[in-house]
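In case you want the letters, here they are:
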Amino acid sequence: MAIIVCPKCEKKHSVNLDTIKENVPFGKNIAARCKSCGHKFPVALDMLFDQDKKHPDEPKTTLRKICVTLSKGGVGKTTTSVNLSAGLALAGYKVLLVDTDTQGQSSYILGTKPRAGLTELLTKELSPEECIIRARKNLWLLSGGKSLAGVKRIIDRKSFGAEWTLSEALKDLDYRYDYVIIDTAPGWDQLIVNVLFYATEVLVPMALEVMPLQGLAEFMKSLGSIQKYRKEIVLKYIVPTFMDTRVKSPEVIYSQLKKLYPEYLCTPIRYSESLSEAPSYGKTIFEFAPGSTATADYRELVRKVSQDNAALI
Ligand SMILES: Nc1ncnc2c1ncn2[C@@H]1O[C@H](COP(=O)(O)OP(=O)(O)O)[C@@H](O)[C@H]1O
Ligand SMILES: [Mg+2]
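Residues numbered from 1 in each chain as written. Chains lettered and ligands numbered in written order. Predicted model: local features only at pLDDT ≥ 70, side-chain atom pairs only at ≥ 80, totals over all residues.

(A) Here's a closer look at the overall build of the chain. The secondary structure content of the chain amounts to 14 helices and eleven strands. Here the C-alpha atoms of the chain give a radius of gyration of 21 Å, agreeing with the 20 Å that 2.2 N^0.38 yields for 313 residues. Buried positions account for 38% of the 313 residues belonging to the chain. Of the contacts made within the chain by residues no fewer than 6 positions apart, 73% connect residues no fewer than 24 positions apart. (Helix = DSSP H or I, 4+ residues; strand = E, 2+ residues; numbered from the N terminus. Rg over C-alpha atoms; globule rule 2.2 N^0.38 Å. Buried ≥ 20, exposed ≤ 12 C-beta atoms within 10 Å, placed from the backbone. Contact = placed C-beta atoms within 7 Å.)

The structure is reproduced here in structure tokens:
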């Protein structure tokens, strides 16, 4: 299957590529008529077949390790980590969500009560099977929590190789997944350094409020200091959060971001009450409010990250 979007009314239509392959001679292009508004438009066949190649049913590509981070708290890191993971899982990918925050919010949002998590994996007290829980279909969780504070002290005391502790703990299990998404705590400590030595892609959520650009500039400096030792880690996505379309200032910040970071900027996650309500029900946004703007926005983020335009349609 592939998706054709009407250029006039923007309605998305799914099409069966097998039928097209059978009926259209090789090298010939086709025209489509939108079932919704009746508009007739040309369709580039090679782009359609490219879409098909990126579908999750195809042989798996290599594992992607994405960390969600910014030193500032309350910007939507945990909300984005959980809902991006849940969305990728719904799209058919196998996802491991790793919570590296002492607050341990991810398990609460997913309505689970794991008996063990990242702490026990890092201290090797328990086996990976005992630490990782299955939170949903295709979605596994390595939970965070208070006990991580003790782990940080252990990492701090290591005389060498401290920054690789997380990578070593995950190296024999991460091949089981298509994505490892890592949520981080605010601030800057040894555990975040460990995350940046493990992940290869950084997703920065940015609350569109006063002076978010300053927070980003500071983070880019810290990231630069890691990149000196680990070239693989790169900024891939900036996700504006708390986008309030009723007031003007977020729009202004958004257009500044667009000028400064056009290659990283994603469609914003709008302000939505549903996002703050869903956690107390132990539900992801896809379960709690499937018709909400927040679900539409996180769906869009899933498509952007997976480069799969047909995901979750
Ligand atoms: N787009 C949004 N609209 C409304 N509330 C949001 C949105 N994103 C996050 N929230 C709420 O804001 C608070 C902080 O978000 P959270 O994801 O915990 O941030 P962080 O992990 O960066 O500290 C939470 O209560 C969350 O439910
Ligand atoms: Mg958080």
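Having seen it, we continue.
(B) View of the nonpolar core. Counting 73 residues, the largest nonpolar core has Val95, Ile181, Val195, Ala199 and Met206 as the members making the most contacts within it. For Met206, the residues in contact, after removing those within four places along its chain, are Leu70, Val75, Pro212, Leu216, Ile238, Val239, Pro240 and Thr241. (Core = buried A, V, L, I, M, F, W, Y, C linked by C-beta atoms within 7 Å.)

(C) Representation of the site of ligand 1 within the structure. Taken together, 15 residues sit near ligand 1, with Gly76, Lys77, Thr78, Thr79 and Ser276 positioned nearest. Looking at the shell around ligand 1, the elements with two or more residues in it are α3 (77–90) and α12 (273–277). For the shell around ligand 1, the leading source of residues is α3, giving three residues. The residue inventory of the shell around ligand 1, partitioned by class, reads six nonpolar, eight polar and one charged. (Near = placed C-beta within 6 Å. Nonpolar A, V, L, I, M, F, W, Y, C, P; charged D, E, K, R; others polar.)

(D) Structural context of the sheet that holds strand β10 (residues 201–207). Read across the open sheet, the seven strands follow the order β7-β8-β6-β9-β5-β10-β11; overall the sheet is mixed. In this open sheet, the two edge strands, each paired with only one partner strand, are β7 (132–136) and β11 (234–241). The mean inter-strand angle of the sheet, taken between neighbouring strand axes irrespective of direction, is 25°. Alignment of strand β5 (residues 64–68) against β10, held across three bridges, turns out to be parallel. Along β10, the bridge assignment pairs Ile66 with Glu201. (Pairing = 2+ DSSP bridges. Axes fitted to C-alpha atoms, helices over the stretch in contact; angles between N-to-C directions.)

(E) A look at the domain arrangement of the chain. Considered domain by domain, the chain is made up of domain 1 (2–53) and domain 2 (64–306). Here the C-alpha centroids of domain 1 and domain 2 sit 36 Å apart. (Domains from an automatic or database assignment.)

(F) Inspection of helix α14 (residues 293–306) at higher detail. The terminal C-alpha atoms of α14, which comprises 14 residues, lie 20 Å apart, in line with the 20 Å expected from a rise of 1.5 Å per residue. Tucked into the core, α14 has its buried residues touching α3, β11, α12 and α13 (285–288). Of the residues flanking the end of α14, it is Gln307, one or two places downstream, whose phi is positive at about 55°. (Expected span 1.5 Å × (residues − 1).)

(G) A look at the pairing of strand β2 (residues 12–15). Two strands pair when backbone bridges link them, and strand β1 (residues 2–5) and β2 are joined in this way by four bridges, in the antiparallel orientation. By the bridge assignment, Ile3 is partnered in β2 with Ser14. Here β1 folds back onto β2 in antiparallel fashion, the turn holding six residues, of which Glu10 has a positive phi close to 65°.

(H) Seen up close, the packing of α3 against α14. Orientation of α3 relative to α14, taken along the N-to-C sense of each, is 70°, at an axis distance of 9 Å. The orientation of α3 with respect to α14, classified from their angle, is roughly perpendicular. Taken as a pair, α3 and α14 cross one another with a handedness that is right-handed. Along the contact surface, α3 presents Asn83, Leu84, Gly87 and Leu88, while α14 presents Tyr298, Arg299, Leu301, Val302, Val305 and Ser306. Considering only residue class, the contact of α3 with α14 consists of six nonpolar, three polar and one charged. (Parallel < 35°, antiparallel > 145°, perpendicular 65-115°, else oblique. Left-handed = near helix turned anticlockwise from the far one by under 90°.)

(I) A look at the packing of helix α7 (residues 148–157) against helix α9 (residues 190–198). Their axes nearest at 9 Å, the elements α7 and α9 cross at an angle of 75°. One element, α7, and the other, α9, form an angle in the roughly perpendicular class. On α9, the residues that touch Leu148, Lys152, Ile155 and Asp156 of α7 are Gln190, Leu191 and Asn194. Considered class by class, the residues forming the contact of α7 with α9 number three nonpolar, two polar and two charged.

(J) How the structure looks around helix α11 (residues 249–260). Over its twelve residues, α11 extends 17 Å from the first C-alpha to the last, a length consistent with the 16 Å expected when each residue adds 1.5 Å. Among the residues of α11, those classed as buried are Pro250, Ile253 and Leu257. Buried residues in α11, looked at end-on, bunch into an arc of 65°, giving them a common side. Away from the buried face of α11 by more than 90 degrees, exposed residues Val252, Ser255, Gln256, Lys258 and Lys259 are located. (Arc of directions from axis to C-beta.)

(K) A look at unusual backbone geometry. Positive phi outside glycine occurs at Lys124, with the angle close to 65°. Examined against the element boundaries, Lys124 turns out to sit in the loop between α5 (118–122) and α6 (128–131). According to the C-beta neighbour criterion, Lys124 is exposed, with 10 such atoms within 10 Å. One non-glycine residue, Gln307, adopts positive backbone phi at about 55°.

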